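Okay, here's what each chain looks like letter by letter:
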Amino acid sequence: MKGSLIALGLASSVVASPLGSGSEHIVFQSTISVNLDSVHNVHIDYTTTEFAGDLQMHYGDCGVTEASNAHHFIGRTDISKYARPKRFVWIVPKDAKSGGCLHAFSGNEIVGRSAPVTISARMKKREAIADVADTSGPWFDGVAYMKSKTNTDAFVTEAKNKTIAIVGGGMSGLMTSLLLQSVGIKNWEIMESSQRVGGRIRTKYLNGTKPSDYQYQEMGPMRFPVSITYSNNDTLQIKDHQMVFQLGDVLNMLNGNNSELAVKFIPWIQSSANLPANSNGVRLPDGRIPSAAQIRANSTLRGPSQTPSNATEAAIASDALEEFEHADKATIAAIATNVYKAHKAAEEDGRFDFSAAAYLRYEIGISLNVTDFLAGAGSDPLWDYDTGYFSATTWRTIDKGLESLPRAFMPHVQNKTTFGRYVSGLTYKPDSKKIAVNWRDASDKLTMQAKSKDFDYAVVSVPFSKVRAWRLPRYSSLLSRAISTMNYQPSCKIALHYKTRFWEHMSPPIIGGCGSTDIPGVGSVCYPAYKINSTGPGVILASYISGTMAVSVGSLSTADHVAMIQRAMVEVHGPIAAEQWTGNFDRQCWESDEHQAVFWFFSGVSLFGYVEDLEENLNFRPGRLVLMESVRA
């Protein structure tokens, strides 16, 4: 029986049964319960860093000392200094007996044994993603499943010869190429409309500089939460972004630790004492906006804040909302530990049935004025993800910009990527069971006849905001509605280039972090977390605004928008901001980006009634189309 093992590192507390002979190099998770005829993760750890070579997994009686006497072979892999997987996929056969053990062999030597395994009858109910995905996510589970399946050589050869179009060279498209390549499926190609890969990762190096000049800002995503440390020094690891850190390690290994292609994670500063703050119109004697620390030290600098029209009703509403949301430490811990299970629990609790405003107004019966005061008019569901995300006290970013991620992919995709290819539709061909990708190149957009190429599969990793303008095959009402109506959040960013990092030498100095102001249209102001107190020019993310205000400022001319933000920087920092500005800038308003038309997925409560059904519709099916956008969202 042939098999193989694939895994990603994932720490866990582990124990093993005593070995009759050999050395215990491998220890298994303490409690293992599985179902017949199903797929399960097996977690291990290593007792020594010296262990290397062949590693085979078998299942059988706990007294087995030779691999040939085990009930069945699970698979094998090679262990080296750089490849030490900690999670494996086990496809449990229908005739496996409960009470046996997992055995790890290296050659003829047993090097690890699990505690007895409980095997139950196969579950009849379809498992939800929250039931089977752990914190490394479902995609790696799926790849491990594909690689560890036992199939005939003819089947494997046929599968590996399938042609696959990856439409879109953003991060989900790049990840798709890596995952396909990792299981030996190499007949893929990427079609990208722009002249670069990376999608919404958009590091801008101002004034014509290089990454090593450290004069950049992130015009797309910019940070990853790592952990939450509470006042009693309890630390909670946030698992949701661990796959990004693992991806960095994989790319570094694939690139032979080439320093020019390195993905190096460095600390990100999310908050610091002297950031500008919303002072409700109050200014310091010199006309500048006060910092958060100054407002904490002198409450008169906060300015008059709005008060509810009915304080008693507001207190009742606030208590009711807090009780329903219950965004306490335990809830945040659940999100940080396993976002899939936490999402499922929130759904079962009804927190996707209401926005905060709808809950207060229609479920509790709070007046319109008090509802608006406490919750606004947004349609965000009462889901605590943002609360958990922004509770992080430790963050990371990537040295020399997040652009390092797509840059590290380039050696592996550059010969299989076509740039400047504007896809206009997909056509399913029932006779051949192929999917045709139709496009026009950048140089012939007026031609009436689109170019076309047939594939066995098309993986669409393009935002639905672009896909909805394509000519598509007829899909279910559910899938069609998702493509045509799924919400995205508009956002605008402006980065400004200065002669020096003057803000780090002001009194008081501003050392990294993201602050805010009361100036309309500015939003957040973020300072670089890299090369603190270094000499030479610097770049401030002078405005990061989302929502309806992003639509308003996005309609301004570039000159008017940049001028408005530069005036705001003078108001924040004083005349030195005018003296130091070089006139260089970058502006990114995502709603008008021709290759994206979006920034991030925005989940109003109306969408969540069909998310689970949508996931089921997006699996590999006889339509030969796989939509990655909903997975990414």
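Above this text you will find the structure in question.
Everything numeric here is computed off the predicted structure, so don't read it as measured data.

Student: Go over the overall build of the protein chain with me, naming the residues and quoting the values.
Tutor: Assigned secondary structure in the protein chain consists of 20 helices and 31 strands. Taken over 633 residues, the protein chain has a buried fraction of 48%. Expressed as a percentage of contacts within the protein chain between residues at least 6 apart in sequence, the contacts between residues at least 24 apart total 71%. Summing over all exposed atoms, the protein chain offers an accessible surface of approximately 29,500 Å²; the carbon and sulfur share of this is 52%.

Student: Outline helix α9 (residues 339-348), listing residues and values.
Tutor: Val 339, Ala 342 and Ala 346 are the residues of α9 that are buried. The arc that holds every buried residue of α9, seen down its axis, measures 60°, which confines them to one face. Looking at the buried residues of α9, the elements they touch are α8 (329-337) and α12 (385-389). Gly 350, located one to two residues past α9, shows a positive phi value of around 85°.

Student: Describe in detail the pattern of salt bridges, supporting the description with residues and values.
Tutor: Enumeration according to the criterion identifies 17 salt bridges in this entry. The partner of Asp 441 in a salt bridge is Lys 451, and the shortest N-O contact between them spans 2.7 Å. With a gap of ten residues between them, Asp 441 in strand β21 (residues 434-441) and Lys 451 in strand β22 (residues 451-455) connect regions that are remote in the sequence. Exposure remark for Lys 451: the relative accessible area of 37% places this residue in the partly exposed category. Beyond isolated ion pairs, a larger network of salt bridges with shared partners links Glu 189, Arg 421, Asp 441, Asp 444, Lys 451 and Lys 453.

Student: Outline the state of the cysteines, listing residues and values.
Tutor: Under the criterion given, the structure shown has three disulfides. Note that Cys 492 is cross-linked by a disulfide to Cys 589, the S-S spacing being 2.1 Å. As the torsion about the S-S bond is roughly 120°, the Cys 492-Cys 589 disulfide counts as right-handed. Here Cys 492 is found in strand β25 (residues 491-498), whereas its partner Cys 589 is found in strand β29 (residues 581-589), with 97 residues between them in sequence. Pair check on accessibility: Cys 492 and Cys 589 agree, each one buried. Disulfide partner of Cys 514: Cys 526, at an S-S distance of 2.0 Å. Because the torsion about its S-S bond is 115°, the bridge between Cys 514 and Cys 526 counts as right-handed. You can see Cys 514 sitting in strand β26 (residues 513-516) and its partner Cys 526 sitting in strand β27 (residues 524-527), a full twelve residues away along the chain. In this structure Cys 514 comes out as buried when scored by relative accessible area, which is 16%. The exposure class of Cys 526 is buried, given its relative accessible area of 1%. Of note for the protein chain: the bonded cysteines, numbered N- to C-terminal, pair according to 1-2, 3-6, 4-5.

Student: Quick one: what's the story with the packing of helix α5 (residues 242-254) against helix α13 (residues 404-413), residue by residue and with numbers?
Tutor: Here α5 crosses α13 at 40°, and the two axes come no closer than 10 Å. In this view, α5 runs oblique relative to α13, as classed from their interaxial angle. Between α5 and α13 lies a crossing of left-handed hand. Mapping the contact onto sequence places Val 244, Leu 247, Leu 251 and Leu 254 in α5 and Leu 405, Ala 408, Phe 409 and His 412 in α13. Class assignment for the residues of the contact of α5 with α13 results in seven nonpolar, one polar and no charged.

Student: Please set out the sheet that holds strand β16 (residues 235-237) residue by residue, giving values where relevant.
Tutor: Taken in spatial order, the four strands of this open sheet run β16-β15-β18-β17, and their pairing is antiparallel. The strands lining the two open edges of the sheet, one partner per strand, are β16 and β17 (265-268). Going across the sheet, the axis of each strand differs from the next one's by a mean of 30°, ignoring polarity. Where β17 and strand β18 (residues 394-398) come together, four bridges link them in antiparallel fashion. For Phe 265, the partnering residue across the bridge sits in β18 and is Ile 398. Contacts from α8 reach β15 (224-229) and β16 within the one sheet, and its direction differs from that of β16 by about 40°.

Student: So, the side chain of Thr 397: which residues are in play, and what are the values?
Tutor: Among the structural elements, Thr 397 can be located in strand β18. Given a relative accessible area of 7%, Thr 397 falls into the buried group.

Student: Could you give an account of the nonpolar core, with specific residues and numbers?
Tutor: By size, the foremost hydrophobic cluster in this structure holds 30 residues, and its most contacted members are Ile 164, Leu 247, Leu 405 and Phe 409. With six residues, helix α4 (residues 171-182) is the largest single contributor of residues to this core. Filtering out sequence-adjacent residues up to four positions away, Leu 405 remains in contact with Met 171, Ile 201, Val 244, Leu 247, Leu 251, Val 263 and Ile 398.

Student: Go over the pairing of strand β20 (residues 421-429), please, and point to the residues and values.
Tutor: Each regular strand carries side chains that alternate between the two faces of the sheet. Here β20 runs beside β21; their pairing, made up of eight bridges, is antiparallel. Note on β21: the bridge partner recorded for Arg 421 is Asp 441. Taken together, β20 and the strand that follows it, β21, pair antiparallel across an intervening segment of four residues, in which Lys 433 is found at a positive phi of about 55°.

Student: So what's going on with the sheet that holds β25? Which residues, and what values?
Tutor: Judged by pairing direction, the sheet is antiparallel, and its five strands sit side by side in the order β26-β27-β28-β25-β29 without closing on themselves. Sheet topology places β26 and β29 at the edges, where each strand pairs with a single neighbour. Between one strand and the next, the sheet's axes are offset by a mean angle of 20°, whatever the strand orientation. Where β26 lies against β27, four bridges are found, and the strand directions are antiparallel. Residue pairing for β27: Cys 514 is matched across the bridge by Cys 526. Where helix α17 (residues 558-573) meets the sheet, it contacts β25, β27, β28 (538-546) and β29, and its direction lies at approximately 65° from that of β25.

Student: Talk me through the environment of Thr 393; I want residue IDs and the actual numbers.
Tutor: Positionally, Thr 393 belongs in the loop between α12 and β18. On a C-alpha basis, the gap between Thr 393 and Thr 229 in space is 6.1 Å, while along the polypeptide they are 164 residues apart. In this structure Thr 393 touches Ser 227, Ile 228 and Thr 229, once residues within four positions along its chain are discounted. Looking at Thr 393, its side chain comes within polar contact range of the main-chain nitrogen of Thr 229, at 2.8 Å.

Student: Quick one: what's the story with the packing of aromatic side chains, residue by residue and with numbers?
Tutor: Summed over the entire model, instances satisfying the criterion amount to 18 aromatic pairs. Ring centres 5.7 Å apart and planes at 40° place the aromatic pair Tyr 214 and Tyr 530 in the tilted group. Placement of the pair is Tyr 214 in the loop between β13 (203-205) and β14 (216-218) and Tyr 530 in the loop between β27 and β28, with a sequence separation of 316 residues. Its relative accessible area of 13% is what places Tyr 214 among the buried residues. Of note, Arg 396 hangs over the ring of Phe 245, and the distance from its end group to the ring centre comes to 4.6 Å. Over the ring of Tyr 544 we find Lys 493; its NZ or CZ atom is 4.2 Å from the centre of that ring.

Rules of the game
Residues numbered from 1 in each chain as written. Predicted model: local features only at pLDDT ≥ 70, side-chain atom pairs only at ≥ 80, totals over all residues. Heavy atoms only, no water. Helix = DSSP H or I, 4+ residues; strand = E, 2+ residues; numbered from the N terminus. Buried < 20%, exposed > 50% of the residue type's maximum accessible area, 1.4 Å probe, protein only. Contact = heavy atoms within 4.5 Å. Areas by Shrake-Rupley, 256 points an atom, 1.4 Å probe, with all protein chains shown as cover. Arc of directions from axis to C-beta. Salt bridge = Lys/Arg side-chain N within 4 Å of Asp/Glu carboxyl O. Disulfide = S-S within 2.5 Å. Axes fitted to C-alpha atoms, helices over the stretch in contact; angles between N-to-C directions. Parallel < 35°, antiparallel > 145°, perpendicular 65-115°, else oblique. Left-handed = near helix turned anticlockwise from the far one by under 90°. Nonpolar A, V, L, I, M, F, W, Y, C, P; charged D, E, K, R; others polar. Pairing = 2+ DSSP bridges. Core = buried A, V, L, I, M, F, W, Y, C linked by side-chain atoms within 4.5 Å. Polar contact = N/O pair within 3.5 Å; in protein donor to acceptor, adjacent residues only side chain to side chain. Phe/Tyr/Trp six-rings, centres within 6.5 Å; stacked < 30°, edge-to-face > 60°. Lys NZ or Arg CZ within 6 Å of the ring centre and 35° of its normal.

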